[in-house]
Amino acid sequence: MAATLTLEEVFQDKIDNEIRIEPKDWMPEAYRQTLIRQISQHAHSEIIGMLPEGNWITRAPSLKRKAILLAKVQDEAGHGLYLYAAAETLGISRDEMYDQLHSGKAKYSSIFNYPTLTWADIGAVGWLVDGAAIMNQVPLCRNSYGPYARAMVRVCKEESFHQRQGFESLLVLSKGSPAQKRMLQEAINRWWWPSVMMFGPSDDASPHSAQSMKWKIKRFSNDELRQKFVDICAEQVKILGCTLPDPDLKWNEATGHYDFGEINWKEFWEVVSGNGPCNKQRLDARRNAWDEGQWVRDAASAHAAKRKQRMATSAA
Amino acid sequence: MAATLTLEEVFQDKIDNEIRIEPKDWMPEAYRQTLIRQISQHAHSEIIGMLPEGNWITRAPSLKRKAILLAKVQDEAGHGLYLYAAAETLGISRDEMYDQLHSGKAKYSSIFNYPTLTWADIGAVGWLVDGAAIMNQVPLCRNSYGPYARAMVRVCKEESFHQRQGFESLLVLSKGSPAQKRMLQEAINRWWWPSVMMFGPSDDASPHSAQSMKWKIKRFSNDELRQKFVDICAEQVKILGCTLPDPDLKWNEATGHYDFGEINWKEFWEVVSGNGPCNKQRLDARRNAWDEGQWVRDAASAHAAKRKQRMATSAA
Amino acid sequence: MQQRISYLIHLADNALILGHRNSEWCGHGPVLEQDIAMSNIALDLIGQARMLYQHAATLINTYEDAGAEWLLQVRGTLAPGEPVTEDSLAYLRDVTDFSNCLLVEQPNGDWAVTITRQFFMSVFQLLLYEKLQYSRDSELAAIAAKSLKEVAYHVKWSSEWVIRLGDGTEESRRRILKAISELWPFTGELFQSASWERETGVMEDVAAGACGMEASSVAGYAVDYASLKEDWMTRVAVVFEEATLDMPAFASWHQSGGKEGRHTEYLGYILAEMQFLQRAYPGSEW
Amino acid sequence: MQQRISYLIHLADNALILGHRNSEWCGHGPVLEQDIAMSNIALDLIGQARMLYQHAATLINTYEDAGAEWLLQVRGTLAPGEPVTEDSLAYLRDVTDFSNCLLVEQPNGDWAVTITRQFFMSVFQLLLYEKLQYSRDSELAAIAAKSLKEVAYHVKWSSEWVIRLGDGTEESRRRILKAISELWPFTGELFQSASWERETGVMEDVAAGACGMEASSVAGYAVDYASLKEDWMTRVAVVFEEATLDMPAFASWHQSGGKEGRHTEYLGYILAEMQFLQRAYPGSEW
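Residues numbered from 1 in each chain as written. Chains lettered and ligands numbered in written order. Predicted model: local features only at pLDDT ≥ 70, side-chain atom pairs only at ≥ 80, totals over all residues. Heavy atoms only, no water.

J.: Please clarify how the overall build of chain C should be interpreted in this entry.
T.: A count of helical and extended segments in chain C gives 13 helices and zero strands. Taken from the N to the C terminus, the helices and strands of chain C come in the order α-α-α-α-α-α-α-α-α-α-α-α-α. Per-residue burial over chain C gives 63% buried out of 286 residues. Put simply, 80% of the contacts in chain C that link residues at least 6 apart link residues at least 24 apart. Counting only carbon and sulfur atoms, one obtains 52% of the accessible surface of chain C, whose full area is about 10,100 Å². (Helix = DSSP H or I, 4+ residues; strand = E, 2+ residues; numbered from the N terminus. Buried < 20%, exposed > 50% of the residue type's maximum accessible area, 1.4 Å probe, protein only. Contact = heavy atoms within 4.5 Å. Areas by Shrake-Rupley, 256 points an atom, 1.4 Å probe, with all protein chains shown as cover.)

Structure follows, in structure tokens:
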């Protein structure tokens with residue numbers, strides 16, 4: 001009993017002193033489980049996030065944009081890899097995590113349950129969705145678990161590059177034909193609120209926050225990050241000559257922030273619970289890819305086993 | 001022995017006197033088999049023929065053209081139905097005929113193993129392929145087997161309507177933009193020779209012809225019909241402001257016909273034997289439709305059986 | 001006028017996109033006779049779409065100020081003074097300008113999905129056209145009356161198939177249950193009015209006439225979609241009962257957005273294919 | 001010059017269409033690492049296509065008379081004086097103007113079909129670029145030299161998968177055998193010269209240099225495709241042997257036509273999808 005207390009004390013002491021927790025260190029089971037949940041959810045989001053953007057690879061409007069988009073989606077697959085690897089250091093396998101995703105037990109970011117309807121959506125996803133993601137993720141580069149923090153450093157570097165690319169592609173549309181400008185404004189209208197919701201429920205409705213803050217898995221509250229995001233986007237949207245679809249958006253001299261309208265939490269919870277426009281489509285796509293890939297993975301293992309066998313035989 | 005001779009004599013006598021053979025009449029087994037082969041082949045051609053044209057329904061360039069094309073392909077399905085029904089009167093079931101098609105035992109017109117690459121192909125198929133088909137089929141309206149002859153009357157009426165529609169749509173292209181004119185000429189270039197081949201091998205290489213002539217299943221030789229087709233098309237192509245892709249095509253004052261170039265029989269036999277551009281694609285499409293439709297047909301029979309059972313029970 | 005045109009185009013889009021999906025079956029049906037029936041339904045629907053687009057085009061060409069944003073874009077691709085046609089409307093609008101319900105753009109899936117989609121939509125169209133035949137827009141009323149006969153057949157045909165599949169084999173039952181559970185969330189949108197209806201008085205027109213005679217609920221030119229819901233439920237329930245299928249309940253949430261241009265990702269692919277020639281060879285006659 | 005441009009575009013089309021097919025896998029691969037590998041190959045191929053189209057576009061813009069029929073059409077969609085770009089070439093030609101081999105436009109099918117298609121084509125491209133790096137067209141030579149490194153990796157990667165599938169499970173073996181039998185008829189076309197090569201002296205250029213030094217067979221700017229066949233067979237045979245797969249024989253007949261614009265029905269759908277935005281919003285910057 002005394003020993004356990006000591007372990008826990010040592011653990012929290014490290015965290016308080018900004019010393020990273022590493023895989024072999026002792027950690028509370030709840031810390032481990034919280035991290036597994038959070039990192040795998042993040043990894044799944046990268047993988048599911050490939051689908052709405054991948055939807056436009058074959059239809060990208062120029063070869064340059066096609067190459068940029070393909071490289072971006074490929075980067076997301078790479079982020080998935082880093083993150084699955086980080087989660088694996090906590091004692092869960094990638095296959096187990098996939099099972100949780102495919103069975104619906106594990107979640108992924110709800111934003112990817114919205115469809116990408118026009119080319120402007122791809123830019124809007126880059127600007128708003130990657131923008132919100134970075135806002136959430138930059139603090140994670142300093143989170144207390146070493147492998148996760150290091151993975152996030154790589155992820156954030158690439159994400160901010162993607163975000164700039166996204167904004168740049170919107171800038172081109174903003175200088176384009178009336179049809180392109182309209183396409184741009186419509187995409188912003190569709191992606192704005194879901195992006196604002198990406199920061200999750202308000203602090204008072206977010207039960208795990210206090211513990212996560214203490215463990216330094218989380219460093220800012222949802223509402224703090226959301227406000228920062230709104231403040232930045234409200235300025236950036238002007239550069240695009242567009243507006244955000246919120247009649248209540250207004251600079252508040254007193255707070256030094258933008259006030260903004262009521263979030264439709266009903267929609268948020270519906271999408272989280274499976275009723276978004278594309279939940280079924282996204283999960284089906286991943287499940288199909290996995291199921292139809294089974295024979296491929298089987299062949300690879302069978303061949304590897306044969307090879308090993310042959311080498312053992314020839315060595316003997 | 002004498003009786004058999006008499007039956008055969010009666011049979012041939014009817015034929016010589018242009019009296020139709022009907023399903024219940026005695027007929028030589030070879031006559032029956034020849035008809036089954038020919039009618040089912042013809043039915044299969046209608047069904048397979050739906051595919052190259054169906055390929056453009058979703059991409060038709062105007063709603064009017066879309067409706068016309070859809071109705072045309074639907075007519076072909078209807079022709080398939082009449083012809084399968086005619087063949088069934090000879091003692092073979094539609095399912096048996098399908099089996100022969102799907103197993104590759106039964107043939108269908110090789111022309112449908114060519115792809116429809118542009119919208120102009122749809123018009124060219126109407127003009128040339130339906131044109132050649134009609135040339136072959138009009139004499140069949142007077143063939144000796146009653147159900148077949150009657151089916152052919154309906155088929156020919158609709159086919160000649162299709163052929164006019166096809167030519168009319170080419171006429172529109174011929175008056176269109178340079179791009180449309182080019183599309184038109186290219187389609188003619190691709191469809192001309194395969195259409196010429198539709199009349200089958202030259203008479204000297206066509207073994208069944210003599211017997212079929214005697215039985216009045218066939219009334220003109222392949223080469224006669226082919227010449228007639230060339231003569232007509234050589235004139236019609238001028239109205240389109242196009243040319244046929246045959247440098248040897250030339251009006252011959254002496255014969256009163258057009259001379260034309262050598263047919264590439266190697267290509268013909270390759271396509272017949274399965275090596276055409278689309279043989280595999282066409283057969284796969286039909287086999288898939290059939291296999292994936294199995295549960296639907298099973299459901300329909302199961303339900304019909306239940307219904308019958310229930311009616312029997314309630315009647316009892 | 002802009003709202004009236006939007007309404008017509010919405011009706012046309014529903015017919016065209018469902019017709020397009022049906023036409024994808026052509027040559028690939030499970031039974032030859034059903035292949036023909038399916039093409040026939042596709043033809044009916046494309047025919048209905050044409051009449052509706054033609055009527056809308058006439059109104060657009062008559063009332064020059066009838067300028068929704070998308071119309072500027074359509075006009076931009078036409079030569080100056082060239083009238084808008086059924087084909088301009090079908091082939092020159094992009095995905096967010098289409099206002100069909102999400103139900104009709106869903107992929108064909110297997111025969112059970114296609115049948116269920118058809119059944120849900122045909123029952124809806126039947127009830128809609130039954131009322132629209134009394135529309136104050138006499139042209140629309142005539143189109144509705146003509147379409148009604150066709151749609152009645154679509155309802156009959158698809159009902160029979162729902163019954164066959166529900167009360168057929170175990171496999172067919174499993175498949176149609178899956179189809180129903182997948183498509184049901186898209187039915188709620190049918191009875192929802194779009195913002196361009198709510199904002200523009202279409203519904204007020206209807207309400208204004210609601211104290212009149214027998215056909216009073218359509219004394220305007222449009223139908224209050226919500227008013228069709230109960231009848232739709234009843235008719236679907238009757239067929240489901242014969243098919244030994246349980247009737248799902250309406251959840252508080254359903255998929256929607258199609259009427260306002262927020263589609264599923266499927267529609268973009270339909271349009272890329274459908275519009276290719278008009279886009280690649282602009283201004284051509286076919 | 002027209003023939004030289006056709007040659008470059010043919011090479012570019014091969015790369016673009018295969019890259020397009022590969023990119024369809026993105027997000028749907030059987031293993032995450034392989035999803036990335038596949039995207040990587042798609043990226044390489046699209047990159048090669050871009051360099052080749054850019055080079056062709058430069059020649060087109062420099063030699064104003066370089067006017068194949070399709071070029072008139074491409075120019076017709078550009079503003080007067082606007083130069084032809086890589087995107088004009090990729091997005092504004094229709095199906096019969098594309099001159100890729102039929103092999104690369106075949107549908108992805110399962111992983112075995114995709115791997116087999118990649119393997120056949122990558123071995124071909126490796127041999128081709130090995131020679132083209134000595135092309136008299138220094139720009140083309142540079143593109144080939146750069147692409148060679150990428151293609152060498154494609155060969156390695158796809159070879160490993162051919163071996164895994166051939167010498168893996170019974171199912172994987174059955175599937176790759178099916179893939180080989182389906183795709184083999186399309187390999188003959190790789191070694192066939194197109195009419196625009198035969199008619200135009202491309203081959204003569206090559207032949208003219210054939211008595212020179214080591215790299216003599218490419219003393220012109222193009223490669224005699226037929227000369228690659230034996231090497232291709234050998235390299236494929238080596239991998240097939242390790243994969244315990246029988247090497248098919250070349251039949252007297254094979255599928256062809258792609259190089260002269262006679263494609264399979266699949267290419268039209270690829271283009272309708274790929275070109276949608278450029279066609280629907282002509283003259284726009286993206």
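The rest of the description comes next.
J.: Hey, could you run me through the overall build of chain A in this one?
T.: Assigned secondary structure in chain A consists of 12 helices and two strands. Starting at the N terminus and ending at the C terminus, chain A contains elements arranged as α-α-α-α-α-α-α-α-α-β-β-α-α-α. For 316 residues, the compact-globule formula gives about 20 Å, and the C-alpha radius of gyration of chain A, at 22 Å, lands near that figure. The principal-axis extent of the C-alpha atoms belonging to chain A is close to 75 × 55 × 30 Å. For chain A, with 316 residues in total, the buried portion stands at 57%. Entry remark: accessible area of chain A is about 13,500 Å², with carbon and sulfur atoms responsible for 57%. Averaging the coordinates of the 40 positive side-chain charges in chain A and doing the same for the 39 negative ones gives two points 7 Å apart. (Rg over C-alpha atoms; globule rule 2.2 N^0.38 Å. Lys, Arg positive; Asp, Glu negative; His and termini not counted. Charge placed at Lys NZ, Arg CZ, Asp CG, Glu CD.)

J.: I tried to follow helix H9 (residues 222-239) of chain B on my own but got confused; where do I start?
T.: For an α-helix, 3.6 residues make a turn, and residues three or four places apart therefore share a direction. Residues and elements named next belong to chain B. With 18 residues, H9 should reach 26 Å at 1.5 Å per residue; the first-to-last C-alpha distance of 26 Å fits that figure. Those residues of H9 not exposed but buried are Asn-222, Leu-225, Arg-226, Gln-227, Phe-229, Val-230, Asp-231, Cys-233, Ala-234 and Val-237. Against the buried residues of H9 lie helix H5 (119-137), helix H7 (178-197), strand E2 (257-259) and helix H10 (265-275). At the C-terminal side of H9, Gly-241 shows a positive phi close to 65 degrees. (Expected span 1.5 Å × (residues − 1).)

J.: Would you take a moment to explain the interface of chain C and chain B for this structure?
T.: A common way to express how large an interface is: the accessible area buried when the components associate. Each partner contributes to the interface: chain C provides 47 residues, whereas chain B provides 49 residues. Summed over both sides, the interface between chain C and chain B buries roughly 4,000 Å², with carbon and sulfur atoms accounting for 68% of that surface. Seen at the junction of chain C and chain B, the total is four salt bridges. A salt bridge links Glu33(C) to Arg94(B); the shortest N-O distance between them is 2.4 Å. Put simply, chain C and chain B have 16 residue pairs in polar contact (both at pLDDT 80 or more) between them. Contributions of two or more residues to the side of chain C that touches chain B are made by helix H1 (2-23), helix H2 (32-62), helix H4 (86-91), helix H6 (111-132), helix H7 (138-166), helix H8 (170-183), helix H12 (266-274) and helix H13 (276-280) of chain C. Looking at the side of chain C that touches chain B residue by residue, the classes come out as 21 nonpolar, 12 polar and 14 charged. (Buried area = accessible area lost by both parts, 1.4 Å probe. Salt bridge = Lys/Arg side-chain N within 4 Å of Asp/Glu carboxyl O. Polar contact = N/O pair within 3.5 Å; in protein donor to acceptor, adjacent residues only side chain to side chain. Nonpolar A, V, L, I, M, F, W, Y, C, P; charged D, E, K, R; others polar.)

J.: Sorry, what's going on with the interface of chain D and chain A here?
T.: Tallying the contact residues gives 47 residues for chain D and 49 residues for chain A. When chain D packs against chain A, the two sides together hide about 3,900 Å² of surface, and 68% of this comes from carbon and sulfur. On the chain D side of the contact with chain A, Leu32(D), Leu277(D) and Trp286(D) bury the most area, a combined 19% of that side's loss. At the boundary of chain D with chain A, the tally comes to four salt bridges. Between Arg310(A) and Asp167(D) there is a salt bridge, with its nearest N and O atoms 2.9 Å apart. Our count for the chain D to chain A interface comes out at 16 residue pairs in polar contact (both at pLDDT 80 or more). For the side of chain D that touches chain A, the secondary-structure elements that each account for two or more residues are helix H1 (2-23), helix H2 (32-62), helix H4 (86-91), helix H6 (111-132), helix H7 (138-166), helix H8 (170-183), helix H12 (266-274) and helix H13 (276-280) of chain D. When the residues that make up the side of chain D that touches chain A are grouped by side-chain class, the tally is 21 nonpolar, 12 polar and 14 charged.

J.: How should I be thinking about the confidence of the model for chain A in this particular structure?
T.: Low-pLDDT portions of the prediction should not be read for the details of their coordinates. Averaged over every residue, the pLDDT of chain A is 94; residues scoring 70 or more account for 98%. Mean pLDDT per element in chain A: helix H1 (residues 2-16) of chain A is the minimum at 82, and strand E2 (residues 257-259) of chain A is the maximum at 98. (pLDDT = per-residue confidence, 0-100.)

J.: Looking at this structure, how should I read unusual backbone geometry?
T.: At Lys216(B), a residue that is not glycine, the phi angle is positive and equals roughly 55 degrees. By the element assignment, Lys216(B) lies in the loop between helix H8 (209-214) and H9. Non-glycine residue Thr244(C) carries a positive phi angle of around 55 degrees. Inspection of the secondary structure assignment puts Thr244(C) in the loop between helix H11 (229-242) and H12.

J.: Would you mind showing me how to read the packing of helix H3 (residues 63-88) of chain A against helix H6 (residues 146-174) of chain A here?
T.: Axis angle and axis distance: for two packed helices, these are the angle between their axes and the distance between the axes, and together they describe the pair. Residues and elements named next belong to chain A. The N-to-C vectors of H3 and H6 enclose an angle of 160 degrees; their axes lie 10 Å apart at closest approach. With respect to H6, the element H3 is oriented roughly antiparallel. Both H3 and H6 take part in a crossing whose hand is left-handed. Residue composition of the contact of H3 with H6, by class: 10 nonpolar, four polar and seven charged. (Axes fitted to C-alpha atoms, helices over the stretch in contact; angles between N-to-C directions. Parallel < 35°, antiparallel > 145°, perpendicular 65-115°, else oblique. Left-handed = near helix turned anticlockwise from the far one by under 90°.)

J.: Please clarify how the environment of Phe11(A) should be interpreted in this entry.
T.: Residues and elements named next belong to chain A. Among the structural elements, Phe-11 can be located in helix H1. A residue is classified by how much of its surface remains accessible, and Phe-11, at 2% relative accessible area, is buried. Separated by 15 residues in sequence, Phe-11 and Trp-26 place their C-alpha atoms 7.1 Å apart.

J.: Looking at this model, I keep getting lost on the environment of Cys101(D). Mind explaining?
T.: Residues and elements named next belong to chain D. For Cys-101, the location among the structural elements is in the loop between H4 and helix H5 (102-105). Cys-101 gets classed as buried once you look at its relative accessible area, which sits at 1%. Apart from the residues within four sequence positions on either side, Cys-101 is in contact with His-10, Asn-14, Glu-189, Leu-190 and Lys-259.

J.: What's the story with the environment of Ala86(B) in this structure? I'm lost.
T.: Residue and element names in this part refer to chain B. With respect to the helices, strands and loops of the structure, Ala-86 is situated in helix H3 (residues 63-88). Exposure remark for Ala-86: the relative accessible area of 3% places this residue in the buried category. Along the backbone, Ala-86 and Gly-146 are 60 residues apart, and their C-alpha atoms lie at a distance of 8.8 Å. With residues up to four places along the chain from it excluded, the contact list for Ala-86 reads Ile-39, Tyr-145, Pro-147 and Tyr-148.

J.: What's the story with the side chain of His42(B) in this structure? I'm lost.
T.: All names here are of chain B. Here His-42 lies in helix H2 (residues 29-54). In this structure the side chain of His-42 is engaged in a polar contact, spanning 3.1 Å, whose partner is the side chain of Gln-137. His-42 has contacts with Leu-83, Gln-137, Tyr-148 and Met-152, leaving out every residue within four places of it along the chain.

J.: What is the right way to look at a negative patch on the surface in this model?
T.: A contiguous patch of negative charge, built from Glu8(A), Glu9(A), Asp13(A) and Asp16(A), is present on the exposed surface. Relative accessible area serves as the criterion here: at 45%, Asp16(A) is assigned to the partly exposed category. (Patch = residues over 30% accessible without salt bridge, like charges linked within 9 Å, V, L, I, M, F, W, Y side chains within 5 Å.)

J.: What's the story with the packing of aromatic side chains in this structure? I'm lost.
T.: Following the criterion strictly, the structure yields 53 aromatic pairs over all chains and no others. Between Tyr84(B) and Tyr98(B), the aromatic rings sit 5.3 Å apart at their centres with planes inclined by 70 degrees, giving edge-to-face as the arrangement. With Tyr84(B) in helix H3 and Tyr98(B) in helix H4 (residues 94-102), the pair connects residues that are 14 residues apart, well separated along the chain. Taken as a pair, Tyr84(B) and Tyr98(B) share a single burial class, namely buried. The interplanar angle of 50 degrees and the centroid separation of 5.7 Å between the aromatic rings of Phe124(C) and Tyr225(C) together place this pair among those described as tilted. Of the two residues, Phe124(C) is situated in helix H6 and Tyr225(C) in the loop between helix H10 (202-208) and H11; the sequence distance between them amounts to 101 residues. The residues Phe124(C) and Tyr225(C) share a single accessibility class, namely buried. Ring-pair connections join several aromatic residues into one group, and the members of that group are Tyr7(D), Phe119(D), Phe120(D), Phe124(D), Trp184(D), Phe191(D), Tyr221(D), Tyr225(D), Trp232(D) and Phe240(D). Just above the ring of Tyr82(A) sits the side chain of Arg154(A); from NZ or CZ to the centre is 3.8 Å. The ring of Trp56(B) carries Arg59(B) above its face, with NZ or CZ at 3.8 Å from the centroid. (Phe/Tyr/Trp six-rings, centres within 6.5 Å; stacked < 30°, edge-to-face > 60°. Lys NZ or Arg CZ within 6 Å of the ring centre and 35° of its normal.)

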